[in-house]
Amino acid sequence: MMGISCNFVTILCCYKPFTPSSSSTNFTFPSFSSSTITNGGTCKLTWDNIVRNSESKAALEEDSSSCLQTYFHKVQLCNRSSDKKSEFLPFVVEGNLVGFIHNRFVEHLRRYSDVFVFLKDENSSGDYVTLHSLLKTVEERTDAVGYVVKYLGEEHIPGIRNELYPVKSSYHTPAFFLLERAAAPYFGIKAYAIHVNGYVELNEQQHVWIGKRSLMKSTFPGMLDNLVAGGLPHGIDCRENVVKECKEEAGIPRSISIKARPVGAISYMDIDGYKYHRDVLFCYDLKLPENFVPYNEDGEVESFKLIHIKQVEEIVRKTQFFKPTCAIVIIDFLIRHGYITPESFGYLDLIRSLRIGDCS
């Protein structure tokens, strides 16, 4: 990710829908010292220096549950620039808010007047973007918007994956159309993903399997990741996506992956230039056999390592080695498994901060 300013920041705890009468609840993060993490540059980590950063006796003996400040820092890395929401126009389909588009990115869309229409909301006197009224079906809208994305190309929407995400107002509502995955943040649509925490019990102590992303990845190359994670494309449910991603990313057979336990969801809102991420991550815990060793099949993971949970805590707290969204998935794991306790000042605020986005 780009560098961020780590001052005292305010982020919405409940997302404000596109209705003039809606309300929101403010949540304020504690302040912390500045830090920078880079998205796009190569992160040349080795397991030796990763583990070395987590093994100091002082770090392991420290009561990490009483030091939540650094966890809030990790949450903020996924929830930047809420003050720039006013730079985005609502994207509305059939009267439903489905996304947000930056007012400068909108200029790329104006030339496609047979696809996008720009209107003024009579209640709020604000402009919004919608689709042409002649585009009535899911297929028509998918083809028309797909045509625009194709012609905007890598210059304006880098990293085209030829994978379609459903565009909807909430998880269980029907899709209005399907959109190229790489374009999702440029249209500010809600995106969903699954993240699997793979762990092993050794001598009654938890150890977690951590992946190191391939250096060829277009985002966060070489950084640390959860055992398995993947976006939720159109036409597959969460359970089957867990099974598919477990096989592709970690070589986990269906007989094991089908036992992954759904344990909730976390959400975030992040603005990065023209991109507006409104993501919901469905979290799963998977207890693995002691003798199972994951191996990657799709080339997206360089290697895996089994690490004691206390060391994983310290890596999350003391470094920027994890991809930011994976760090907050681990924070959620630490809370649910009792490594972060109610005795810690800010405990409830931390839990609430993991669902700042529109978790619907």
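Residues numbered from 1 in each chain as written. Predicted model: local features only at pLDDT ≥ 70, side-chain atom pairs only at ≥ 80, totals over all residues. Heavy atoms only, no water.

Take helix H7 (residues 238–250) next. Counted at 1.5 Å a residue, the expected span for H7 with its 13 residues is 18 Å, and the 17 Å between its end C-alpha atoms agrees. Three or more residues of H7 are buried, namely Cys238, Asn241, Val242, Val243, Glu245, Cys246, Glu249 and Ala250. On its buried face, H7 is in contact with strand E9 (190–202), strand E12 (228–231), helix H8 (254–257), strand E14 (275–287) and strand E15 (301–308). Capping the start of H7 is the job of one residue whose side-chain oxygen sits 3.3 Å from the backbone nitrogen of Arg239: Asp237. Within two residues after H7, Gly251 carries a phi angle of roughly 65°, on the positive side. (Helix = DSSP H or I, 4+ residues; strand = E, 2+ residues; numbered from the N terminus. Expected span 1.5 Å × (residues − 1). Buried < 20%, exposed > 50% of the residue type's maximum accessible area, 1.4 Å probe, protein only. Contact = heavy atoms within 4.5 Å. Polar contact = N/O pair within 3.5 Å; in protein donor to acceptor, adjacent residues only side chain to side chain.)

The subject of this paragraph is the pattern of salt bridges. Counted under the stated rule, the structure contains 22 salt bridges. Residues Arg80 and Asp270 are paired through a salt bridge, measuring 2.8 Å at the closest nitrogen-oxygen approach. Taken together, the residues Arg80 in the loop between helix H3 (69–76) and strand E3 (88–93) and Asp270 in strand E13 (residues 261–272) connect sequence positions 190 residues apart. Between Glu313 and Lys310 there is a salt bridge, with the nearest N and O atoms lying 3.0 Å from each other. Taken together, the positions of Glu313 and Lys310, both in helix H9 (residues 309–318) and three residues apart, correspond to about one turn of that helix. A single network of salt bridges, built from pairs that share partners, joins Arg80, Asp270, Asp272 and Lys275. (Salt bridge = Lys/Arg side-chain N within 4 Å of Asp/Glu carboxyl O.)

A separate point is the environment of Lys44. Here Lys44 shows up in the loop between strand E2 (26–28) and helix H1 (47–52). Accessibility expressed as a relative area gives 73% for Lys44, which makes it exposed. As for Lys44 and Phe321, which are separated by 277 residues in sequence, their C-alpha atoms are 9.9 Å apart.

Summed over all chains, the structure comprises 15 aromatic pairs. One aromatic cluster is present, formed by Phe91, Phe105, Phe116, Phe177, Tyr186, Phe187 and Tyr274 through successive ring pairs. The lysine or arginine in question, Arg110, covers the ring of Phe118, its NZ or CZ lying 4.3 Å from the ring centre. Against the face of Tyr171 rests Lys168, its NZ or CZ located 5.8 Å from the ring centre. (Phe/Tyr/Trp six-rings, centres within 6.5 Å; stacked < 30°, edge-to-face > 60°. Lys NZ or Arg CZ within 6 Å of the ring centre and 35° of its normal.)

Its place among the elements puts Leu109 in helix H4 (residues 106–109). Residue classification places Leu109 among the buried residues on the basis of a relative accessible area of 0%. Considered as a pair, Leu109 and Val148 are 39 residues apart in the sequence and their alpha carbons are 7.8 Å apart.

Before going further, it helps to spend a moment on the nonpolar core. If you look at the biggest cluster of nonpolar residues, it comprises 38 residues, and the most contacted ones within it are Ile210, Phe322, Ile331, Ile340 and Leu350. Of the residues forming this core, the biggest block, nine residues, is contributed by helix H10 (residues 324–336). Counting 32 residues, the second-largest nonpolar core is a separate cluster that includes Leu109, Val145, Leu179 and Ala182. (Core = buried A, V, L, I, M, F, W, Y, C linked by side-chain atoms within 4.5 Å.)

Time to look at the packing of H9 against H10. With their axes 11 Å apart at the nearest point, H9 and H10 run at an angle of 135° to one another. Between H9 and H10, the angle falls in the class oblique. In this structure, the crossing between H9 and H10 has a hand that is left-handed. The residues of H10 that touch H9, namely those facing Ile309, Val312, Glu313 and Val316, are Ala327, Ile330, Ile331, Phe333 and Leu334. (Axes fitted to C-alpha atoms, helices over the stretch in contact; angles between N-to-C directions. Parallel < 35°, antiparallel > 145°, perpendicular 65-115°, else oblique. Left-handed = near helix turned anticlockwise from the far one by under 90°.)

Take the packing of H3 against H10 next. One way to put it is that H3 packs onto H10 with a least axis distance of 9 Å and a crossing angle of 140°. The pairing of H3 with H10 is recorded here as oblique in orientation. When you trace H3 past H10, the crossing you get is left-handed. Contact residues: Tyr71, Lys74 and Val75 in H3; Ala327, Ile328, Ile331 and Leu334 in H10. In the contact of H3 with H10, the residues fall into six nonpolar, no polar and one charged. (Nonpolar A, V, L, I, M, F, W, Y, C, P; charged D, E, K, R; others polar.)

Treat this as a map of the structure, not an account of what it does.
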